[in-house]
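# Summary of structural features
If you want the building blocks of each chain, they are given just below.
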There are 2 protein chains.
Amino acid sequence: MRTDSFLNMWRAALCTFCLALGCGCATQPVPTSRGTGDLGVVVERARGTLAIVDTSQRTVLGEVPGLGDLSHASVVFSRDGRFAFVFGRDGALSKVDLLSRAVVQRVQQAGNAIGGAISQDGRIVVAQNYEPGGIRAFDADTLAPLAEVPAVYGNEGRRSKVVGLADAPGNRFVYALFDAGEIWVSDFSDPRAPRTEKYSAGRQPYDGLITPDGRFYLAGLFGEDGVAMLDLWRPSQGVRKILHHWGQGEEHLPVYKMPHLRGWAMADGLLWLPAVGKHEVWVVDARTWEEVAHIPVIGQPVFVMAQPDGRQVWVNFALPDNGKVQVIDVLSRAVVKLLEPGRAILHLEFQPRGGEVWLSARDDHRVVVLGTDHFDLRQSITLDAPSGIFFSSRAAKIGF
Amino acid sequence: MRTDSFLNMWRAALCTFCLALGCGCATQPVPTSRGTGDLGVVVERARGTLAIVDTSQRTVLGEVPGLGDLSHASVVFSRDGRFAFVFGRDGALSKVDLLSRAVVQRVQQAGNAIGGAISQDGRIVVAQNYEPGGIRAFDADTLAPLAEVPAVYGNEGRRSKVVGLADAPGNRFVYALFDAGEIWVSDFSDPRAPRTEKYSAGRQPYDGLITPDGRFYLAGLFGEDGVAMLDLWRPSQGVRKILHHWGQGEEHLPVYKMPHLRGWAMADGLLWLPAVGKHEVWVVDARTWEEVAHIPVIGQPVFVMAQPDGRQVWVNFALPDNGKVQVIDVLSRAVVKLLEPGRAILHLEFQPRGGEVWLSARDDHRVVVLGTDHFDLRQSITLDAPSGIFFSSRAAKIGF
């Protein structure tokens, strides 16, 4: 492991050197000419590497090393689908060219970061940071810094961890302040002078998501039961508390892994979300925000993800059930399939029109591709401890 | 006009000749290396030409001539976003490389065609034909023919015009038979041997659409008032007739142009559709299929299109109001803006995340790009009699 880290550091240093010279060294081959709509990346966390994949051929096109600490890494795409912006846990922000398979820009923007987002117009990349707490905005072309919104709260000038960052229409970004218990909306219409509105949210919002139309922002609360909801079409109404029973409640079951809210799903006008600490998926009516069903599942759900066509919802689980995946039929609200695609299923990503799903089986060092209709194995791809999977079609979506 | 046609024929013949030789003539320059997620095409109908546009820079990158009769042309994209499949009214199907800006394949597949679609997996391109009535499927790579489903109905072996073709999940295609009064669903899981289910729909379905999740297929009826609806998640329930008052009703106002059903919009869980022959946009609850509002507008609506964020709905009109566009606020269901962007506004297309809209002003020979928040003019692009506008981000969507 230490050798790996050393190698990665060396690679990163070499890469930076090459970039500084602008030379045509091994990390900057001539870009390939091809469409970028069917490209994607898979995070190989342990090696600090991105694998570039072709989702039409279901193949690995190449690997880009030197990306640092990619635990909990997240990725967004430029609006042309050519570049991936990679937010590392170590606060580095890297811009990777999927065509030349090289790091073309890289900045160390914070000490401890937890993901990022890209503006509606594709011109502003924003990172959300634990340390120092706040968000920072960068020019998507050059990664030159544009602006910072420090998450300062209270009278003592303390800074809060920022979580749940999501892009919203109008070049706005919405995020939650874990320590301050607030939701902030920053409008980057002027990229160098963002204007921020602040809303009281509840105790310790720990993750957030925005609905696919960019209208409702939801933040799960860690310090109390329930979810904070802000209607961005009517922000003057402030935050409304919904799903009062969502959370650990009085039972306080052990929670092995906090579920990812970004994994919540919309299908059939309903929101499908992982219960906290319970073996259940909850179904909520997105018009009334009332629960309409609790569906029993085999373990503690982590990601609850709807197929793009909304026909089925896929669920993966925390330890000890993280080798299993269950598929829920949306119409009958019943589990119709139990899959065991490999050891440690960390993430899944659907093709944009939903025919296939890619799942990372970290401890089997492979990604498996399944058909969503018949659960048939379409491909098995060997990769080093794969975790997050991100397809370039995210570039065209709100809230990804 | 005859000279133009002759020139176009000559260009097409030359192009075919060049393709046959595989030579590097003027129609096949070396492809550019760039992302394809922000590309699009604008139909220049009178010249049988496609303009290739860059939606990030708001510029024309080049033009591809020789595409024949492009009146009522429609376009779909390969799943990598690199190729546009162009369905001409004259029955020609052309495959255009957006990177090299050249026609790379072209087949004369019918005598009179009215658009097409591409399968969920991107491997099958299907054309819908008036003459001979039916659909024909082609390999997306080579345009080699795969299968045909002739729209034969009744006892005398007559063939119906096919309209309203839409792709559905599972490599299915859904379409309506104008003369037969039926909706057909063809499953191309085996591309060379499609299986077809047939449903009675009502008198003279004249256009159709599928909801963005690929679940509900709706066909407007010309021969009677109302809309035929098929739930593809529960096809055994058959077609249900909804919106019984939709149509000309007893007043039989003159209809200057039949509204495009493909221009129906979903926003806020509601369907927004053009009334036929009336100066109204209808709002329908997509759960109950009941009307919830009739919104008065300035003319007979043609396209009623929601922004991708669902915040506003844009409407253009038939003669004599085809120089006007109205914008409806979805929350208040009121018209909030009247625009006059140019003469003969034939089509509009939103950027995939909704920040800008492109509108073709045919008789002013330009495309105008407006911001959707403040309706400010971002760009004016000179083109020859522009009509349809199609962005490559459609490749990632169901039903486009």
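So, a few notes on the structure that sits alongside this text. Note that the coordinates shown come from a computational prediction; the quantities given were computed from them, not determined experimentally. (Residues numbered from 1 in each chain as written. Chains lettered and ligands numbered in written order. Predicted model: local features only at pLDDT ≥ 70, side-chain atom pairs only at ≥ 80, totals over all residues. Heavy atoms only, no water.)

## Considerations on the side chain of Asn171(B)
All names here are of chain B. With respect to the helices and strands, the residue asparagine 171 is situated in the loop between strand E14 (162-168) and strand E15 (172-177). Engagement of the side chain of asparagine 171 in a polar contact is seen with the backbone nitrogen of glutamine 120, the distance being 3.2 Å. Look past the residues within four positions of asparagine 171 in its chain and what remains in contact with it is Ser119, Gln120, Asp121, Ser186, Asp187, Phe188 and Ser189. (Helix = DSSP H or I, 4+ residues; strand = E, 2+ residues; numbered from the N terminus. Polar contact = N/O pair within 3.5 Å; in protein donor to acceptor, adjacent residues only side chain to side chain. Contact = heavy atoms within 4.5 Å.)

## A closer look at the side chain of Asp231(B)
All names here are of chain B. Mapped onto the secondary structure, aspartate 231 falls in strand E20 (residues 227-231). In terms of polar contacts, aspartate 231 uses its side chain to reach the side chain of arginine 215, at 2.9 Å. Reaching out from aspartate 231, the side chain makes a polar contact with the backbone nitrogen of tryptophan 233 at a distance of 2.9 Å.

## Considerations on the relation of the copies chain B and chain A
Rotating chain B by 180° about the axis while translating it 0.0 Å along that axis superimposes it on chain A, leaving an RMSD of 0.0 Å. Taken together, the turn and the small shift mark the pair as related by a two-fold rotation axis. Among all residues of chain B, the one whose C-alpha sits closest to the rotation axis is Ser33(B), at a distance of 2.1 Å. By residue overlap, the copies meet face to face through one surface: 100% of the interface positions of chain B are interface positions in chain A. (Least-squares fit on C-alpha atoms with pLDDT ≥ 70 in both.)

## Focus: the sheet that holds strand E16 (residues 182-187) of chain B
Residue and element names in this part refer to chain B. Pairing is antiparallel across the open sheet formed by four strands, whose spatial order is E14-E15-E16-E17. Of all the strands in the sheet, just E14 and strand E17 (195-200) have a single pairing partner and so form its edges. The average angle at which neighbouring strand axes cross in this sheet is 20°, direction not considered. Alignment of E14 against E15, held across five bridges, turns out to be antiparallel. Paired with alanine 168 across the strands is arginine 172, a residue of E15. (Pairing = 2+ DSSP bridges. Axes fitted to C-alpha atoms, helices over the stretch in contact; angles between N-to-C directions.)

## Things to note about the nonpolar core
Nonpolar side chains in soluble globular proteins tend to be buried together. Residue and element names in this part refer to chain A. Among the nonpolar cores identified, the biggest contains 19 residues, and Val41, Leu50, Val75, Phe77, Ala84, Val96 and Leu98 are the most heavily contacted of them. Of all elements in the fold, only strand E1 (39-44), strand E2 (49-54), strand E4 (74-77) and strand E5 (83-87) reach the threshold of two or more residues within this core. For this core, the element with the most residues is E1, which contributes three residues. Once you skip the residues sitting within four places of it in the chain, leucine 98 turns out to touch Leu39, Val41, Ile52, Phe77, Gly81, Arg82 and Ala84. (Core = buried A, V, L, I, M, F, W, Y, C linked by side-chain atoms within 4.5 Å. Buried < 20%, exposed > 50% of the residue type's maximum accessible area, 1.4 Å probe, protein only.)

## Observations regarding empty space enclosed by the protein
Overall, the coordinates contain four cavities of 30 Å³ or more when judged by the stated rule. The calculated volume of the largest cavity comes to roughly 320 Å³. Ser393(A), Ala396(A), Gly37(B), Ser393(B) and Ala396(B) are the residues nearest the centre of the largest cavity, which is lined by 30 residues in total. Tallied by class, residues from the lining of the largest cavity come to six nonpolar, 17 polar and seven charged. (1 Å grid on protein atoms, 1.4 Å probe; cavity = no way out; pocket = protein on both sides within 12 Å on 5 of 7 lines; lining within 4 Å. Points joined across faces, edges and corners; volume = space filled by probe spheres on them. Nonpolar A, V, L, I, M, F, W, Y, C, P; charged D, E, K, R; others polar.)

## Digging into the pattern of salt bridges
Per the counting criterion, the structure on display carries 46 salt bridges over all chains. Of the charged contacts in the structure, one is a salt bridge between Glu356(A) and Arg378(A), with a shortest N-O distance of 2.7 Å. With Glu356(A) in strand E31 (residues 356-361) and Arg378(A) in strand E33 (residues 377-382), this pair connects stretches of sequence that are 22 residues apart. Residue Glu356(A) is classed as buried on the basis of its relative accessible area, which comes to 5%. Of the residues examined, Arg378(A) reaches a relative accessible area of 32% and is grouped as partly exposed. In this structure, Arg362(B) engages Asp363(B) in a salt bridge whose closest nitrogen and oxygen atoms are separated by 2.7 Å. We classify Arg362(B) as partly exposed; its relative accessible area is 24%. (Salt bridge = Lys/Arg side-chain N within 4 Å of Asp/Glu carboxyl O.)

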